[in-house]
Amino acid sequence: MRKGLFIGINDYSNISALSGCCNDAMAMASVLKTDANGDPNFKNIVLTSAEDYLSREKLEDQIRELFSGDCNVALLYFAGHGGFDADTDEGMLIPQDYRSAKDGVRISDVLNWASKATRIKNKVIILDCCQSGSAGEVRALRSESSTVCEGMTILTACKKEQPALEGAQHGVFTGLLLQALHGGAANILGKITPGSLYSFVDNALDAWEQRPVFKTNVSQFISLREVSPLIPKEILRKLPDWFAEAESVFALDRSYEPTEATFDPAHGEIFAQLQKCNRHSLIEPVDAEHMYYAALNATGCRLTALGAYYRELALKGHF
């Protein structure tokens, strides 16, 4: 139900070589192949210039094949040279046999093929190449429209006029994506979405470096990968028990704190779970700087807005 096409081109016939794109494609395919617990995730095809000659014809055929058939998610990842045709105002993915603008794989064509894939519920396009931000622009191509259609998400390494920088082993953009997919962009439940990927990368890149571009037209984000939840689900399920209403205060006293003579081990177990929720911003102490002082001063703790959200999910049986 999930398939991915990962393309990495280091070697070009007529323009300068790159160093990390093959590694980028293989690493992205590897991390997305399974969830962190080993469960199958994406069924992938990996094309690299180390093993194939990736001409324009081959790339176009493979991308069309990706956006055919019936599945829940189709993901395209490209690392290599990107270009821009000033005459037609179009961005391009550069194949190995590139000589002039007519040889590029037009990003607008890629968007059109994805838009026509009506039996594929979610289309995700990730581009780590120079000037890739043109994919996020809405423009017409001949009689067709290259728009961000329903169910499509686009994430690019940089804006239309910017270069995509390379690091020691990976592109700067892909290196951050890999950190995010290994858990850096996970939410409380351990789910990593396209939106959380963008947020992670955007925050990590300096304002004077390349700026990523994110465009989407979805009613709900899908999870691209799952890792261990930041807070175990069995703890999250207790939120409605601890807080009868979203505005409720859970009363604390010295019996919850292990350093106090009145410590109750049963209360201590609850307090440890509440503190875990506090560390991840679901709960905050009342009239105290830390949970420790909320127990000593017998005030209590309450849900944050984020905590109220997860309490509601627990009530609805979402986990």
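Residues numbered from 1 in each chain as written. Predicted model: local features only at pLDDT ≥ 70, side-chain atom pairs only at ≥ 80, totals over all residues. Heavy atoms only, no water.

Looking at an unreviewed UniProt entry, one finds the chain named Caspase family protein and attributed to Pseudomonas hamedanensis.

Draft legend 1. Structural view of the packing of helix α4 (residues 172-184) against helix α5 (residues 194-204). Interhelical geometry of α4 versus α5 gives an angle of 130° and a closest axis separation of 9 Å. When the axes of α4 and α5 are compared, the pair comes out oblique. The handedness of the crossing between α4 and α5 is right-handed. For the pair α4 and α5, the contacting residues are Phe 173, Leu 176, Leu 177, Gln 179, Ala 180, Leu 181 and Gly 184 in the first and Leu 197, Phe 200, Val 201 and Ala 204 in the second. Of the residues assigned to the contact of α4 with α5, the class counts are nine nonpolar, two polar and no charged. (Axes fitted to C-alpha atoms, helices over the stretch in contact; angles between N-to-C directions. Helix = DSSP H or I, 4+ residues; strand = E, 2+ residues; numbered from the N terminus. Parallel < 35°, antiparallel > 145°, perpendicular 65-115°, else oblique. Left-handed = near helix turned anticlockwise from the far one by under 90°. Contact = heavy atoms within 4.5 Å. Nonpolar A, V, L, I, M, F, W, Y, C, P; charged D, E, K, R; others polar.)

Draft legend 2. Inspection of helix α8 (residues 265-279) at higher detail. With 15 residues, α8 should reach 21 Å at 1.5 Å per residue; the first-to-last C-alpha distance of 21 Å fits that figure. Residues of α8 that are buried include every one of Gly 268, Phe 271, Gln 273, Leu 274 and Cys 277, and no others. Buried residues along α8 sit in contact with α6 (233-236), α7 (239-242), β14 (249-250), β15 (283-285), α9 (291-296) and β16 (301-303). Within two residues after α8, Ser 281 carries a phi angle of roughly 65°, on the positive side. (Expected span 1.5 Å × (residues − 1). Buried < 20%, exposed > 50% of the residue type's maximum accessible area, 1.4 Å probe, protein only.)

Draft legend 3. View of the nonpolar core. Judged by nonpolar contacts, the single largest core of 66 residues is most densely connected at Phe 67 and Ile 125. At eight residues, the largest contribution of residues to this core is made by strand β3 (residues 71-79). Look past the residues within four positions of Phe 67 in its chain and what remains in contact with it is Ala 74, Leu 76, Val 110, Trp 113, Ala 114, Ala 117, Ile 120, Lys 123 and Ile 125. Of all hydrophobic cores here, the second largest spans 25 residues; its members include Ile 235, Leu 236, Phe 271 and Leu 303. (Core = buried A, V, L, I, M, F, W, Y, C linked by side-chain atoms within 4.5 Å.)

Draft legend 4. Broad picture of the sheet that holds strand β4 (residues 82-85). Reading across the sheet, the three strands line up as β4-β5-β6 and stay open at both edges, with antiparallel pairing between neighbours. At either margin of the open sheet sits one strand with a lone partner, and together these are β4 and β6 (105-106). The sheet contact formed by β4 and strand β5 (residues 90-93) spans four bridges and is antiparallel. Considered in β5, the bridge of Asp 85 is made with Glu 90. (Pairing = 2+ DSSP bridges.)

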